[in-house]
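Breakdown of the fold
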Amino acid sequence: MHAPQTGPRRIRVAATSAALLLSRPMKRCSPALILLSSTLTFAQASPSSQPAILDKNVAVPMRDGVVLRADVLRPAEAGKFPVLVYRTPYGKDAEQHDYTTFRHAAERSYAVVIQDVRGRYHSDGEFRPYENEARDGYDTIEWAAAQPWSNGAVGTFGLSYPGAVQWLAAVQNPPHLKAMVPAMTFSTPQNFFYAGGTWDMSWIDWIWDNIAWNTRARKNLPGPRTKHEALAAWKDQGPKMLNTLPLAGVKPLQQVAPYYFDWLRHPPEDPWWNWSELRDKYSHTHAAVLNLSAWYDDNYGPEGATTNYAGLLKSRPADRDVGTHLLLGPWVHGVDNTEKTRSGEREFGATAAIHYDELILRWMDHYLKGVDNGVDREKPVRYFVMGRNQWRDADQWPPTARRTPLFLAPQTGSARSGQLQPAPFDNPDSFSDFVSDPTSPLVNPYESSGAHDYRKLAERADVLTFDSAALPEDTEVTGPIRASIFVSCDCLDFDLCARLLDVSPDGTAINLMSPGLDVVRASYRDLNRGRQLLSPGRIYQLNLDNLITSNVFLQGHHIRLQISATFTPNFSRNLQTGQSEATHAEMRKATIRVFHDKAHPSQIMLPVIPTDR
């Protein structure tokens, strides 16, 4: 969503953390530069590389007269070249130092436009995250196509914010946009700014760590004015901001980020958000799209990639080459992480890594240059199966699977956890309950995204745990997962979190996705109808439809479902009073019942892949 391309877009962290809240770029190769008058020429980085010219701070006029500035890296030889456009809020100068994609593209005879978005670094105008990127992206793409060094074929690439700007521009249908690789980005504001009706709290640390300090420097405002100063100040300011209620009372952001408070004024069902909605606009672009995300990407990532892929397929039923692929790996958010074999506490083996630059350029070679490199003949879907730790190529997403329910049942004997079983529990009026206290919420114990051991959460009184029997054989679960939970509460509203975990024989309980895919606010149980408060004591069916993974639960492992009503500081706390936490602060305890009988068969529906795969 909104972090530097290589670091986590935002790392979900405990409120006491400082360092790991950051979206800090991870350093990669920095090519040597030789200054030549108003341009820069790259020294040869390898025997096959060619010199390239870098024109600094080239003015790119927008339709409203605001001037954005870009660096243009292009081959030194005369001619017209296909153009790759990369747009970032994180500073084009730093991006060129941190990432190798630009140099590798120039070596492959592309011109590359690397632009500061509106209101950031060298570009004029006022920065309002994402809100101007559709028009500005369109104008930049068409400007690039018209330059004397351009052959008119334009592609875009980037991850997180630089991925989002691609989609926002693409659905405006710029005529010269031929190909794009939007990585680890979103499909809808309802799972980007919000998650299941809850407010995404990571916007606070993203603004503080990545945006606010530069804004203070530009506008001569008091407070931290460098990245280093911002990180140091977070140790004190961060926990205070994350714990502030109402949410609109976060004073340190008021001068530097007025847009944050504008966002809070718009609930998830508000039509105002349509400017950032993609799900009904796929027919508006004809570019070839490679969708890339990861199982441990932030909550919007795997949902965004799979939703966007499916939407493009549906919008192009008659095309011989549909021009869209899907790639899902086992990583956390960030470019550098695609080169790693470990996510959190889970190791996936040497084959888990990919070469991000080559992936992009191979896609562009085919769709911008017409190179017959086999891209159009490959299976359109490639995903990594965790647990088995292998890649799989497929003709479709999701793959064909046996929809297999596991029903919640109460604990038996001295067991601390309830059960997940193949048939509904027989006894009538069966339920498990817990007390949710938003003044003392469940805090995510881990300071980074990725796979972690959550076994200790089973010891908490405000967490319900349900385990399957030990699996008699390896069981692969790949695709969308649906949890349907029947609940009641002695309150007007609450949040339901349902985490899916892989439990080893030694008790290690590993999460299979990042927080946010696994949460729904009860009052937003039907988002199309807007907010509907609860009637205390009435039983409701809450559906969680964004759960997704590809994982083999090995023989002897257990499938675990953990249920809670809070998970901070990832997402805002439900006050459980019926009031919005954006404008109110008073909280109350509530008793929540989870029902599990034939009349109320709470369950999780798993897409189980046949064992002969």
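Residues numbered from 1 in each chain as written. Predicted model: local features only at pLDDT ≥ 70, side-chain atom pairs only at ≥ 80, totals over all residues. Heavy atoms only, no water.

A word on the overall build of the chain
- Check the secondary structure of the chain and you find nine helices and 28 strands.
- The C-alpha atoms of the chain give 24 Å as radius of gyration, which agrees with the globular expectation for 613 residues (25 Å, within 12%).
- On the principal axes, the C-alpha backbone points of the chain span a range of 80 × 60 × 40 Å.
- Looking at the 613 residues of the chain, the share that counts as buried comes to 61%. (Helix = DSSP H or I, 4+ residues; strand = E, 2+ residues; numbered from the N terminus. Rg over C-alpha atoms; globule rule 2.2 N^0.38 Å. Buried < 20%, exposed > 50% of the residue type's maximum accessible area, 1.4 Å probe, protein only.)

As for the pattern of salt bridges
- Considering all chains together, one arrives at 38 salt bridges under this definition.
- In this structure, Glu358 and Arg108 form a salt bridge, with 2.9 Å as the shortest nitrogen-oxygen distance. Here the residue Glu358 occupies a position in helix H9 (residues 356–369), and Arg108 occupies one in the loop between helix H2 (101–107) and strand E6 (111–116), the gap between them amounting to 250 residues.
- Classification of Glu358 as partly exposed rests on a relative accessible area of 34%.
- Here Arg108 falls in the partly exposed class, since its relative accessible area comes to 25%. (Salt bridge = Lys/Arg side-chain N within 4 Å of Asp/Glu carboxyl O.)

Considering helix H4 (residues 161–170)
- Of all the ten residues making up H4, ten are buried; the element is thus mostly covered by neighbouring parts of the structure.
- Listed in full, the buried residues belonging to H4 are Tyr161, Pro162, Gly163, Ala164, Val165, Gln166, Trp167, Leu168, Ala169 and Ala170.

Considerations on the packing of aromatic side chains
- A full pass over the atoms with the stated rule returns 41 aromatic pairs.
- Plain terms: the ring middles of Tyr86 and Phe102 are 5.1 Å apart, the flat faces sit at 80° to each other, and that makes the pair edge-to-face. In this pair, Tyr86 sits in strand E5 (residues 81–88) while Phe102 sits in helix H2, placing the two residues 16 residues apart along the sequence.
- Assessed through its relative accessible area of 0%, Tyr86 is described here as buried.
- Given the relative accessible area of 3%, Phe102 is considered buried. (Phe/Tyr/Trp six-rings, centres within 6.5 Å; stacked < 30°, edge-to-face > 60°.)

These values are about where atoms sit, not about what they do.
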